[in-house]
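# Commentary on secondary and tertiary structure
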Amino acid sequence: MYSFSFKGTNAEVYAPKMQEKGVYFLGSLAIDIKNKEIKAKGGYNSEFLTFLQSVILNNNVSVKQYLNGVQELMINEEPFFKFKNGKLVKITLENITKLDAGLIHNLPGLEEVSLPNVAYVGSGNFNKCPKLKKVFLPKAIEMGSSVFCECESLEEIDCPNVRYLEWECVNDNPNLKRFLMPELRETKDYCFNRNGFEELNLPCLEKVKSNCFCHLPKLKVLNLSDLSYTKENCFCYLNEIEDLTLPSLISYWGGYYFSNNPKLKKVRLNELEVIRERTFKNCPNLQVVVLDKADVILENSLCELPALETVIAPEIDFIYENVLSHCEKLKSVYMPHLRLIKRDNFFKTPNLTCLYAPEAELSKEDFAKKKPSFQVRKKLPFETKKYMQQFEFER
């Protein structure tokens, strides 16, 4: 038998309403010990959530008097909720395996959470808790949407077994520095945006949807060694990242990938087969692009890159319109299997001295306005050899 009690004066106000069939009720909070679940009747509009958000959190004066002196809610003489100055500061759920949607949400005083046995975290949890600093969920496997959002003091998230995230997770945490989800396999749209981490390692992540990994102003190191599929608008507005390698990426959809990264200098995409429109837009310091297995480059994907010097793409067969144009520092392009080049390529590339593409057919327009030193060479130039050695590239 489980017993409920409160510590502190005026505690009798919060006595549980009833007990039936092993399910215990505190207001509209149902605590099912047998099935190890915690639920709020009526979802987001339950009496319990309204009570937490309107009374404890927002300091509703008309009923706040009942909180005076209340320190802890006890279950079997173990703390469940801990209050301080009328605000919830600590949640301990030792025997719960499932956390329903929106239970840990909009808690301005919450500082600490202990959920050692929770396997599923519903949507809207760990959301808008400005004083929460650390979250450790050792047994969590799956999470709903909008988890870990808008927690301005959050510094550490440790979820060693989480494998799946719904949309809009891990966003708007400016002080988040340590993030551990080594087993994460898949996320939906709008995840990992506007956070404060400098390094992010997700070695098992294979699939993400659109608008992920954006607006990360401090990120310098990104390890996504197993990532094979993404959608549009990922890896944008990464202000500090200089070197980016995605060794397993096979496919992405939509343009503006890797766009607006002001310090990005080198990119290597080992497995990607198609380079889409505007992939590197607004990357003013990008110098080297290595595309090991790409066979098609779509229009406008490598144009208007003022610092670009070298492009290595040994499997490219076809280049669409205006791929390599307005690249004023471009010196050498290595594309030994290139056969067809459409119009407006190599336009306004005054420093291009070597295009290694012995099988290519270039129109007269492509050679117009070139310096006399520009030529299609059959011998690999020194500059290209240097970068290939730097990337440990094997022909």
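The sections below set out a description of the structure shown in this document. Bear in mind the structure is a predicted one, so any value in this text is a computation, not a measurement.

Conventions and cut-offs
- Residues numbered from 1 in each chain as written.
- Predicted model: local features only at pLDDT ≥ 70, side-chain atom pairs only at ≥ 80, totals over all residues.
- Heavy atoms only, no water.
- Helix = DSSP H or I, 4+ residues; strand = E, 2+ residues; numbered from the N terminus.
- Buried < 20%, exposed > 50% of the residue type's maximum accessible area, 1.4 Å probe, protein only.
- Contact = heavy atoms within 4.5 Å.
- Phe/Tyr/Trp six-rings, centres within 6.5 Å; stacked < 30°, edge-to-face > 60°.

## Description of the overall build of the protein chain
Of the regular secondary structure elements, the protein chain holds four helices and 33 strands. Out of the 395 residues belonging to the protein chain, those deemed buried represent 48%. Partitioning the contacts of the protein chain with sequence separation of at least 6, the portion at a separation of at least 24 is 19%.

## Examining unusual backbone geometry
Of note, N282 is a non-glycine position whose phi angle comes to about 60°, a positive value. Locating N282 in the fold gives a position in the loop between β26 (274–275) and β27 (288–291). Owing to a relative accessible area of 40%, N282 belongs among the partly exposed residues under this scheme. In this structure, F346 is a non-glycine residue whose phi angle is positive, near 60°.

## Looking at the packing of aromatic side chains
Evaluation of the coordinates by the stated rule reveals eleven aromatic pairs. Centre to centre, the rings of F126 and F148 are 5.1 Å apart; their planes meet at 15°, and the pair counts as stacked. Here F126, found in the loop between β11 (120–121) and β12 (134–136), pairs with F148, found in the loop between β13 (142–143) and β14 (156–158); they are 22 residues apart in sequence, far enough to count as distant. A relative accessible area of 0% places F148 in the buried class. Aromatic side chains F318 and Y320 sit 4.7 Å apart centroid to centroid with 90° between the ring planes, which places their arrangement in the edge-to-face category. Judged by its relative accessible area of 16%, F318 is buried. When its relative accessible area of 28% is taken as the criterion, Y320 is described as partly exposed.

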